[in-house]
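Understanding the architecture of this molecule
Read off the chains here:
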Amino acid sequence: MNRLKNIWITATLLGGMAFISCGSSAKKENARTEDTQEKETMVVPPAFSADSAYRYIEEQVTFGPRVPNTSAHRACGDYLAAQLERFGAKVYNQHADLMAYDGTILKARNIIGVYNAEQKKRVMLCAHWDSRPYADQDEEKHHHSAIDGANDGASGVGVLLEIARLIQQKAPAIGIDIIFFDAEDYGIPDFYKGVYKPDTWCLGSQYWGRIPHVSDYKARFGILLDMVGAKNATFYYEGYSRRTANRFVKKIWKMAERLGYGNYFIREDGGEVTDDHVYVNQYRQIPCVDIIHYDNQGTTGFNPTWHTLDDNLQHIDKATLQAVGHTVTAVIYNEK
Ligand code: AHN
Ligand code: ZN
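Residues numbered from 1 in each chain as written. Chains lettered and ligands numbered in written order. Predicted model: local features only at pLDDT ≥ 70, side-chain atom pairs only at ≥ 80, totals over all residues. Heavy atoms only, no water.

Examining the overall build of the protein
If you tally the helices and strands in the protein, you get 9 helices and 8 strands. In the protein, which comprises 336 residues, the proportion classed as buried is 57%. A sequence separation of at least 24 residues applies to 80% of the contacts in the protein between residues at least 6 apart. Just so you have it, the protein exposes about 14,700 Å², and 51% of that area is on carbon and sulfur atoms. (Helix = DSSP H or I, 4+ residues; strand = E, 2+ residues; numbered from the N terminus. Buried < 20%, exposed > 50% of the residue type's maximum accessible area, 1.4 Å probe, protein only. Contact = heavy atoms within 4.5 Å. Areas by Shrake-Rupley, 256 points an atom, 1.4 Å probe, with all protein chains shown as cover.)

Right, dumping it as structure tokens:
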């Protein structure tokens, strides 16, 4: 089967059926009371700036494609670690030699920013920072060109850098770990003629899952941001997150709705995707929610610029960054 084009497994009918039986008026009344109470006690988070997040995306893209073993990748890694330091995090750099699908040794670097290390109650926020070496969803002549990855890579990192800046200004009640995973996007391309290998995506998170930055690392839950910058992006419930972290999926989408971002955060099932959150959950038993742009218009399940040369700054929209950044910020500042 064509792996790349079958990443998304179409949503089953089951999800829809489960809704039919519930919804008595007493239950609705209860839910409404809870809603009002939560609204009254809602902590207003510091203001997320989409301009600032956009600037961090631009800075990453300006290095060039962040493909492991390139100078752009090394320079951007230094930039990201320096930014987290500047925003007051305790920074861990995990350097690792990871083997790609074709035997290439990738000089990888996971970058972790820790806030309020003594706090037992923690939430982890993550995104991958590398960009794909192949525009393998573009015309064939571009298959071996690296992509800018303004959306696929830089957007999630940009939003998280802005959140790091906010945490420095005003700390939330809980501890936060911001993790930039490397080597997510060096997965086996369709054009590869050699033998198929499983688990070739998400190499950085697989490494971190086996060897976290601190031993026995735990968090209440995690949020993964992947492709959160396209104009009119749509974030549906992602299948693996639903199965392993549904409480937190609900919490995030409900917050988005409340803040007026229901047109981005669609409360319906999308597909299921192998992404860093899978390994966070498998290796560390931390429920982790993937906020990822799902689009069933095309053949890939992703947005039209996915793994093409069009994944560049021109297709980044500040309104989407605002929707995601504001929502995630509100979620973490309301954890106790
Ligand atoms: C797979 O293609 C198996 N997973 C896609 C995860 C991804 C790639 N996210 C961004 N690029
Ligand atoms: Zn990708």
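So, next bit.
Observations concerning the coordination of the zinc ion (ligand 2)
Between any two of four tetrahedral donors, the ideal angle at the metal is 109.5 degrees; between two of six octahedral donors, it is 90 or 180 degrees. Protein-derived ligands of the zinc ion (ligand 2) are Asp-152 (OD), Asp-185 (OD), Asp-185 (OD) and His-307 (NE2), with the metal-ligand distances lying across 1.9 to 2.4 Å. As a motif over one chain, the donors of the zinc ion (ligand 2) read D-x32-D-x121-H. Here Asp-185, found in the loop between β4 (175-181) and α6 (203-210), pairs with His-307, found in the loop between β8 (288-292) and α9 (318-333); they are 122 residues apart in sequence, far enough to count as distant. The class of Asp-185 is buried, set by a relative accessible area of 2%. On the basis of relative accessibility, which here comes to 1%, the residue His-307 falls in the buried class. (Donors = N, O, S within 2.8 Å, 3.2 Å for Na, K, Ca; no water.)

Side note on the packing of helix α4 (residues 71-86) against helix α5 (residues 150-169)
Any two packed helices are characterised by how steeply their axes cross, that is the angle between the axes, and by the distance between the axes. Interaxial distance between α4 and α5 falls to 9 Å at its minimum, and their mutual angle equals 25°. Judged by the angle between their axes, α4 and α5 are roughly parallel. Contact residues: α4 offers Tyr-79, Leu-80, Gln-83, Leu-84 and Arg-86, while α5 offers Val-157, Leu-161, Ala-164 and Gln-168. Classifying every residue of the contact of α4 with α5 gives 6 nonpolar, 2 polar and 1 charged. (Axes fitted to C-alpha atoms, helices over the stretch in contact; angles between N-to-C directions. Parallel < 35°, antiparallel > 145°, perpendicular 65-115°, else oblique. Nonpolar A, V, L, I, M, F, W, Y, C, P; charged D, E, K, R; others polar.)

Focus on unusual backbone geometry
Its identity is not glycine, yet Asn-116 carries a phi of approximately 60°, on the positive side. Topologically, Asn-116 is positioned in the loop between β2 (105-115) and β3 (122-128). For Asn-116, a relative accessible area of 34% translates into the label partly exposed. In this structure, Cys-202 is a non-glycine residue whose phi angle is positive, near 60°. With a relative accessible area of 0%, Cys-202 lands in the buried category.

A look at the pairing of strand β1 (residues 90-99)
Sheet topology places β1 next to β2; 10 bridges connect them, and they run antiparallel. Across the sheet, the residue bridging to Leu-98 is Leu-106, located in β2. The turn linking β1 back onto β2 is made up of 5 residues, and Gly-103 within it adopts a positive phi angle of 95°. (Pairing = 2+ DSSP bridges.)

Structural notes on α5
Helix length check: α5, at 20 residues, gives a terminal C-alpha distance of 27 Å against a target of 28 Å (1.5 Å per residue), a fit within 8%. The buried fraction of α5 amounts to 17 of the 20 residues, a majority that puts the element mostly inside the structure. (Expected span 1.5 Å × (residues − 1).)

A short note on the side chain of Thr-234
You can see Thr-234 is positioned in the loop between β5 (221-226) and β6 (235-237). A polar side-chain atom of Thr-234 sits 2.8 Å from the main-chain carbonyl oxygen of Tyr-294. Among residues more than four places away in sequence, those in contact with Thr-234 are Asn-263, Tyr-264, Ile-266, Ile-292, His-293 and Tyr-294. (Polar contact = N/O pair within 3.5 Å; in protein donor to acceptor, adjacent residues only side chain to side chain.)

Concerning the confidence of the model for the protein
Of all residues in the protein, 88% have pLDDT values of 70 or greater, and the mean over the chain is 91. Predicted confidence for residues 9-31 stays below pLDDT 50, and this span has 9 contacts to residues more than four positions away or in other chains. (pLDDT = per-residue confidence, 0-100.)

Regarding the pattern of salt bridges
Opposite charge on two side chains permits pairing when their charged atoms draw close. This structure, assessed with the given rule, holds 13 salt bridges. Residue Arg-109 is joined to Asp-78 by a salt bridge in which the shortest nitrogen-to-oxygen separation is 2.7 Å. Taken as a pair, Arg-109 in strand β2 and Asp-78 in helix α4 lie far apart in primary sequence, 31 residues in all. Taking relative accessible area as the criterion, Arg-109 reaches 12% and is therefore assigned buried. Two residues, Asp-317 and Lys-231, come together in a salt bridge whose shortest N-O distance is 3.8 Å. With Asp-317 in the loop between β8 and α9 and Lys-231 in the loop between β5 and β6, this residue pair connects regions lying 86 residues apart in the sequence. For Lys-231, a relative accessible area of 56% gives the class exposed. (Salt bridge = Lys/Arg side-chain N within 4 Å of Asp/Glu carboxyl O.)

Regarding the environment of Asp-78
We classify Asp-78 as partly exposed; its relative accessible area is 46%. A C-alpha to C-alpha distance of 9.4 Å links Asp-78 and Ile-111, two positions 33 residues apart in sequence.

Things to note about the pairing of strand β7 (residues 265-269)
Put simply, side chains in a regular strand alternate between the two faces of the sheet. With 2 bridges connecting them, β6 and β7 associate as parallel partners. Bridged to Tyr-237 within β7 is Asp-269. Remark: the β6/helix α7 (residues 239-258)/β7 crossover connection has right-handed handedness. (Right-handed = clockwise from strand over helix to strand, strands pointing away.)

Quick notes on the side chain of Glu-335
The residue Glu-335 is located in the segment after α9 in this model. Reaching out from Glu-335, the side chain makes a polar contact with the side chain of Lys-251 at a distance of 2.6 Å. What Glu-335 contacts, discounting residues up to four positions off in sequence, is Val-123, Ala-173, Ile-174, Arg-220, Phe-221 and Lys-251.

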